[in-house]
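Spelled out from the first residue to the last, the chains are:
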Amino acid sequence: MEKPLPYDKTSPKSIEAYAKKLLNKSLYDVLGSEIKQTYKGKGKLGQALEELYFQYMPNSKSEPDFVEAGVELKTSPLKKITRGLVSKERLVFNIIDYKKEHLQEFRKSNFWRKNHLLLLMFFLHDAEKIDLEYLFKIITLWEFPAEDLKIIKDDWEKIISKIKEGKAHEISEGDTLYLGACTKGANRESLTSQPFSSVMAMQRAFSLKSKYLNFIIEKYFAGEKFKINQKGYDKILGDDYSFHESSVRYQKLDLEDVEPVVKSIKDYRQGETFEDLVLRRFSKHYGKTEKVLIKELGIKETNAKHKYSLIAKAIMGVRKGKEIEEFEKADMIMKTIRLENSGTLKESMSFAQIKFKEIIHESWEDSYWFNTITKRFFFVVFQKNENGELELKKVMFWTMPYYDIETAKKFWEDTKKKIKNDDYQHFIKASDDRIFHIRPKAINSKDLMETPSGRMEKKKCYWLNALYIKQVIS
DNA sequence: GCATGATCATGC
DNA sequence: GCATGATCATGC
C-alpha cells in the first residue's frame, strides 16, 4: 500500500505550495541528516528533490515531471553579486532529438509538451557547500508571458529549420533570442547524427539564457505575482497569428532601466518575427540623415558620441535612459557602424580589454571571447552621403558563422599562448588574419595593466577587422 | 587607403 | 577611477 503524497499531484498550486516549504531552507534542513549518506555527488540536487522531497521516481523524458499537473520541475543556481542575486548559469531543458523534434509543430513538440508550465526552484550556489545544503531562494510556478512566448516559439522554429536544412552542425547559441540551443555533452567531441545530413553535429539542448533568467529573478524579488493561465496561450500557438488581448502578460512593472520594443502582442503583423518587426521599424527611416532623424524623433541635439545608439533606440520606441528589454533578455549586442561615402568602414570594431591575468586561466568555452563572439549582434549602419552627412543606411541581425568561430578559437589560443609566454610584441595584427586582431586601447600609452608575470603592459583589446565587417554587412 | 599605435569623451 | 565606444595621427 502506497503512502499518500503530501501534495495533490494533479494540482500545480498544491505542488507549488508544498515546494514553497523549502523557501530559505535546504533539503538537508527539511529532510534531516540521514539523506546525506545516500546523496553525495554534485549535480544531484534535482534528482534528490524529485525522489526524496516530492517522492516520485524520475519518469519518461517526453512528459513533464508531474505528469497529471503538467508541471516540469527546474532547479537552477543563483550567485551573489553586489546588487543582489543573479543567475549563475543558463537553464537547460531537454536534449534536442534531431531526429524527432522537427516532426511536430511547436505546440505538440517535445519541448513544449514538457516545459509549458515550470516549477522554478532557484538556489544559492556556494562552492563551500554540498548540493543538499544549498538554500532555495526562489520557488514559483512560471509560465512565459505572451510577448516572450512569441519570441520563444520563433526561436524554436529557427532551430528546427536549421535541422531540416541539414545544418544541425551549424547551430549556434547566438542564432536565437531567448530560447537557445546550448551544447550539452561531456565535451566538444560529443557528436551525434542528424537526419538531413551525413555531417555529425554537436549534441545540444534547449536552454534559457542567464540574462533572460535574470528578468524572472528580478521580477520575483520585486514582489511580482506571476499569473498562471494557460488558456491565454492558444492565441500565440494558433496558426492564424491574429493576436488579441493577451491574458498572460506581466503585470505592469516599474523596473526602471528597461523598456520593451514590443509593447503589446498586437504590434506584430501576421507571420512577423521580432526581428522582422524591428527591421520594419527601421526601414521607414532608411536614407534619412542624422539631423533629420534627430529632429523627427525628438532627440535633444547632442554631440555625444553615443548619439547613434540614441537614434536607434528612439526608432525602436525605447526612451532615453532605458535599455532595450528584448535585447537585454536575449543578451544581444547592438553595434553602430559608420561607413564612408565609398562604402569603406571608418574603423574596425572594438570589444573589451584583454584581462591578461584572467585569460591564461580560461578555457575556450568559458572565455570572454567565445561568449562574446557567439552572441547575436544587431548592426545599425550609417553611411556618409555626397555632402558628408551621415544617413541611416540599413540595419541587420547577425550571428558569426560557425566556421569563423573556429578561426576565433585559433586567434584566442594564439593570444593566450603569447600572454603565457610573456610575449606582448607579436599579437595577431589586422594584416595577419582575415577576421580578428589585437590592438591597444587605453587612455594613453602610459595606461598599463599587470601581467601574469608581474610586469606592467599597455592595455589591449579584441577587434574585428574593418574589412571583415564590411563583407558581413554587404 | 589601410594598418597600427594612440588617445578622447562619456557614463557608471 | 576606469572601461568602453568612438576616433585621431602617422606612416607605409
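Residues numbered from 1 in each chain as written. Chains lettered and ligands numbered in written order. Predicted model: local features only at pLDDT ≥ 70, side-chain atom pairs only at ≥ 80, totals over all residues. Heavy atoms only, no water.

Novice: Give a detailed account of helix α15 (residues 402-420), specifying residues and quantitative values.
Specialist: Think of an α-helix as turning once every 3.6 residues; residues three or four places apart then point the same way. The end-to-end C-alpha distance of α15 is 27 Å, a good match for the 27 Å that 19 residues give at a rise of 1.5 Å each. The set of residues buried in α15 consists of D404, I405, A408, F411, W412, D414, T415, K416, K418 and I419. Looking one or two residues beyond α15, the residue adopting positive phi is D422, at roughly 65°. (Helix = DSSP H or I, 4+ residues; strand = E, 2+ residues; numbered from the N terminus. Expected span 1.5 Å × (residues − 1). Buried < 20%, exposed > 50% of the residue type's maximum accessible area, 1.4 Å probe, protein only.)

Novice: Could you give an account of the sheet that holds strand β13 (residues 349-353), naming the residues involved and the relevant values?
Specialist: Ordered in space as β13-β19-β16, the three strands form an open sheet in which the pairing is antiparallel. Looking at the sheet topology across the chains shown, the edges are occupied by β13 and β16 (436-440). Sheet twist, expressed as the average angle between the axes of neighbouring strands with direction ignored, equals 35°. One ladder, built from five bridges, connects β16 with strand β19 (residues 460-464); its direction is antiparallel. Bridge pairing in β19 links P440 to K460. On top of the sheet, α15 reaches β16 and β19; it is set at about 40° to β16, its chief contact. (Pairing = 2+ DSSP bridges. Axes fitted to C-alpha atoms, helices over the stretch in contact; angles between N-to-C directions. Contact = heavy atoms within 4.5 Å.)

Novice: Lay out the sheet that holds strand β14 (residues 377-384) in plain terms, naming residues and giving numbers.
Specialist: Reading across the sheet, the three strands line up as β12-β14-β15 and stay open at both edges, with mixed pairing between neighbours. Unpaired on one side and paired on the other, β12 (333-339) and β15 (390-398) mark the two borders of the sheet. Shown here is a sheet whose adjacent strand axes are inclined to one another by a mean of 20°, direction ignored. In this structure, β14 lies alongside β15, joined through eight bridges in antiparallel fashion. Following the sheet pairing, F378 is matched in β15 by F397. Of the strands in this sheet, β14 and β15 are in contact with helix α9 (residues 274-283), which crosses β15 at around 175°. Relative to the sheet, helix α16 (residues 466-473) contacts β12, β14 and β15, its axis offset from that of β15 by approximately 80°.

Novice: Just give me the short version of α9, but keep the residues and values in it.
Specialist: Within α9, seven of the 10 residues are buried, leaving the element largely enclosed by the surrounding structure. Within α9, the full set of buried residues consists of F274, E275, L277, V278, R280, R281 and F282. Those residues of α9 hidden inside the fold are in contact with α6 (146-164), α11 (307-315), α12 (325-330), β14 and β15.

Novice: Quick rundown of the pattern of salt bridges? Include the residues and the values.
Specialist: On inspection of all chains with the given rule, the structure shows 29 salt bridges. Of the charged contacts in the structure, one is a salt bridge between E272 and R280, with a shortest N-O distance of 2.6 Å. By relative accessible area, E272 is classed as buried at 8%. Under the relative-accessibility criterion, R280 is labelled buried at 19%. In this structure, R376 engages E275 in a salt bridge whose closest nitrogen and oxygen atoms are separated by 2.7 Å. In this pair, R376 is assigned in the loop between α14 (368-373) and β14 and E275 in helix α9, connecting sequence segments 101 residues apart. Taken as a pair, R376 and E275 share a single burial class, namely buried. Linked through salt bridges whose partners overlap, the residues forming this network are D148, E325 and K329. (Salt bridge = Lys/Arg side-chain N within 4 Å of Asp/Glu carboxyl O.)

Novice: Lay out the protein's contact with DNA strand B in plain terms, naming residues and giving numbers.
Specialist: Near DNA strand B, the surroundings consist of 15 residues, among which A430, S431, A442, I443 and S445 are the closest. Close to the protein, within 4 Å, the atoms of DNA strand B belong to sugar or phosphate groups at a rate of 57%. A distance of 3.0 Å separates a phosphate oxygen of DNA strand B from a polar atom in the side chain of K458. (Near = heavy atom within 4 Å. Polar contact = N/O pair within 3.5 Å; in protein donor to acceptor, adjacent residues only side chain to side chain.)

Novice: Tell me about unusual backbone geometry, residues and numbers included.
Specialist: Unlike most non-glycine residues, N24 shows phi in positive territory, near 60°. Along the chain, N24 falls in the loop between α1 (12-19) and α2 (27-31). Positive phi outside glycine occurs at D422, with the angle close to 65°. Along the chain, D422 turns up in the loop between α15 and β16.

Novice: Mind laying out the confidence of the model for chain A, listing which residues take part and the relevant values?
Specialist: A low pLDDT score tells you not to read the predicted coordinates there in detail. Confidence in the prediction of chain A, expressed as mean pLDDT, is 87, and 89% of residues score 70 or more. Segment residues 239-255 is flagged for pLDDT under 50; beyond a separation of four residues in sequence, or across chains, it makes 47 contacts in the model. (pLDDT = per-residue confidence, 0-100.)

Novice: So what's going on with the packing of aromatic side chains? Residues and values would help.
Specialist: With the rule as written, the count across this model stands at 43 aromatic pairs. Measuring from centroid to centroid gives 5.0 Å for Y56 and F66, while their planes differ by 70°, and the two rings are edge-to-face. Of this pair, Y56 sits in the loop between α4 (45-53) and β1 (72-81) while F66 sits in the loop between α4 and β1, and the two are 10 residues apart along the sequence. Across the pair, exposure class does not vary: Y56 and F66 are buried alike. Between F411 and Y462, the ring centres sit 6.4 Å apart and the planes meet at 65°, which makes this aromatic pair edge-to-face. With a gap of 51 residues between them, F411 in helix α15 and Y462 in strand β19 connect regions that are remote in the sequence. With respect to burial, F411 and Y462 carry one shared label: buried. Just above the ring of F351 sits the side chain of K335; from NZ or CZ to the centre is 4.4 Å. (Phe/Tyr/Trp six-rings, centres within 6.5 Å; stacked < 30°, edge-to-face > 60°. Lys NZ or Arg CZ within 6 Å of the ring centre and 35° of its normal.)

Novice: If you had to explain the side chain of K416 to someone new, which residues and values would you point to?
Specialist: Note that K416 resides in helix α15. Although buried, K416 forms no salt bridge, and the nearest oppositely charged side chain, E362, lies 7.2 Å from it. A polar side-chain atom of K416 sits 2.7 Å from the main-chain carbonyl oxygen of E362. Beyond its immediate chain neighbours, meaning those up to four positions away, K416 contacts I359, I360 and E362. (Lys, Arg positive; Asp, Glu negative; His and termini not counted.)

Novice: Describe in detail the nonpolar core, supporting the description with residues and values.
Specialist: Formed by 68 residues in total, the largest nonpolar core has its most connected members in F111, F144, I152, F274, F282, M316 and F378. With eight residues, the single largest contributor to this core is α6. Beyond its immediate stretch of four places on either side in the chain, F111 contacts F93, N94, E101, F106, I152, W156, L179 and F206. M349, I359, F370 and W412 belong to the second largest nonpolar core, which has 39 residues in total. (Core = buried A, V, L, I, M, F, W, Y, C linked by side-chain atoms within 4.5 Å.)

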